[in-house]
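# Secondary and tertiary structure notes
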Amino acid sequence: MAELYIRVGEDENEEPMEIPSEDDGTVLLSTVAAQFPGACGLRYRSPASQCMRGVRLVEGILHAPENDWGSLVYVVNYPKDNKRKMDEMDAASAVKMKRGIDRTSDLIILGLPWKTSEQDLKDYFATFGEVIMVQVKRDVKTGNSKGFGFVRFTEYETQSKVISQRHMIDGRWCDCKLPNSKVFNQYAGPDEPMRNCKIFVGRCTEDITTDELRQFFMQYGEVTDVFIPKPFRAFAFVTFSDDQVASALCGEDLIIKGVSVHISNAEPKHNNINQLFSNFPGRSPSLAAMFDRTQYRYPSSHV
DNA sequence: GTTGAGCGTT
């Protein structure tokens with residue numbers, strides 16, 4: 001081969017760099033990539049057709065067109081276009097997932113007739129789509145309905161439809177909305193990294209055992225500890241070996257044995273700003289998010 | 001046994 005080096009550039013107009021060829025006249029893609037990280041091939045403008053042509057690439061070896069690299073300038077190919085689009089899609093869907101934009105969440109049903117049962121709710125909402133969970137909130141002493149409840153659907157489309165209209169249930173107009181406890185998560189930015197591996201599991205029922213919690217949370221990652229306070233206090237702690245697993249679960253509503261439990265970070269109450277904002281209807285989400293970040297700068301021992 | 005624009009036994 002006459003040429004020991006071929007001329008390669010980022011594009012046709014930029015000053016090319018000379019890249020060494022192998023003894024047999026081929027050029028290794030790895031050699032190109034050493035100068036142009038991420039390169040996946042070469043192309044050049046054909047003097048004959050004036051079109052861009054690809055350089056033959058076989059098993060990491062670039063072959064000279066017509067056995068001669070000549071004095072053409074070769075342009076580096078990157079997988080960039082596809083790759084970047086993929087990355088953006090992944091990031092976007094990850095954010096969407098994390099923000100719960102296309103995830104279902106529990107919906108509060110307001111204005112239920114006192115007589116409406118969970119079976120009534122299930123029968124009614126099943127006409128919109130698959131129902132995961134229904135609840136009628138009742139006075140613990142009397143068992144009387146408090147006139148509101150919750151429902152959770154499998155499909156986000158179902159949830160959207162249900163939110164968008166009023167509902168005639170047992171002779172009363174009812175509204176379904178995102179509960180206030182969800183609004184924070186809807187508007188908060190991406191979470192700060194969590195430093196701890198422990199999650200708080202709220203709204204547990206008394207029949208949920210430590211073993212069942214362990215079995216359930218194993219699907220997300222290695223569980224190193226499960227703690228249920230005695231006597232019953234309607235919450236539990238689950239510790240993972242990986243803090244990213246714990247972090248990813250925070251803000252979720254998960255269904256365990258048909259019960260919707262709420263996952264949040266296991267910070268002591270006095271140091272958890274979520275507690276301060278979570279039941280305050282008029283709060284500013286951005287303010288809450290700002291305070292939320294500050295709590296991680298002053299970590300205190302866990303419960 | 002009561003009620004009605006409400007938010008889930010941390």
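Residues numbered from 1 in each chain as written. Chains lettered and ligands numbered in written order. Predicted model: local features only at pLDDT ≥ 70, side-chain atom pairs only at ≥ 80, totals over all residues. Heavy atoms only, no water.

Under the definition given, this model contains 14 aromatic pairs. Each ring, one from Phe200 and one from Phe237, has its centre 5.5 Å from the other, and the planes form 75°; the classification is edge-to-face. Taken together, the residues span a long stretch of sequence, with Phe200 in strand β14 (residues 198-202) and Phe237 in strand β16 (residues 235-240) at a distance of 37 residues. On the basis of relative accessibility, which here comes to 6%, the residue Phe237 falls in the buried class. Taken together, the aromatic side chains of Tyr124, Phe125, Phe128 and Phe153 make up a single cluster linked through ring pairs. Here the guanidinium or amino end of Lys198 rests over the ring plane of Phe237, the centre of that ring lying 5.4 Å away. (Phe/Tyr/Trp six-rings, centres within 6.5 Å; stacked < 30°, edge-to-face > 60°. Helix = DSSP H or I, 4+ residues; strand = E, 2+ residues; numbered from the N terminus. Buried < 20%, exposed > 50% of the residue type's maximum accessible area, 1.4 Å probe, protein only. Lys NZ or Arg CZ within 6 Å of the ring centre and 35° of its normal.)

In this section: helix α6 (residues 210-217). Inspection of α6 places Leu213, Phe216 and Phe217 among the buried residues, and these make up the whole buried set. One side of α6 carries all its buried residues, which in axial view fall inside an arc of 85°. Away from the buried face of α6 by more than 90 degrees, exposed residues Asp211 and Gln215 are located. Those residues of α6 hidden inside the fold are in contact with β14, β15 (223-227), β16, α7 (243-249), β17 (253-256) and β18 (259-265). (Arc of directions from axis to C-beta. Contact = heavy atoms within 4.5 Å.)

This part takes up the protein's contact with DNA strand B. If you check the shell around DNA strand B, you find 27 residues, and the closest are Asp106, Gly111, Leu112, Phe200 and Phe232. Looking at DNA strand B alone, sugar and phosphate atoms form 18% of those within 4 Å of the protein. Separating a base nitrogen of DNA strand B from a side-chain N or O atom of Asp106 is a distance of 2.6 Å. If you list the elements that add at least two residues to the surface near DNA strand B, you get β9 (107-110), β10 (131-138), β11 (145-153), β13 (172-177), α5 (180-187) and β18. (Near = heavy atom within 4 Å. Polar contact = N/O pair within 3.5 Å; in protein donor to acceptor, adjacent residues only side chain to side chain.)

In terms of burial, β14 is a largely internal element, 4 of the 5 residues being buried. Pairing of β14 with β16, which is carried by 5 bridges, proceeds in the antiparallel orientation. Across the sheet, Gly202 pairs through a bridge with Phe235, a residue of β16. Examined bridge by bridge, β14 and β18 share 4 bridges and lie antiparallel to one another. Of the residues in β18, the one forming a bridge with Val201 is Ile263. (Pairing = 2+ DSSP bridges.)

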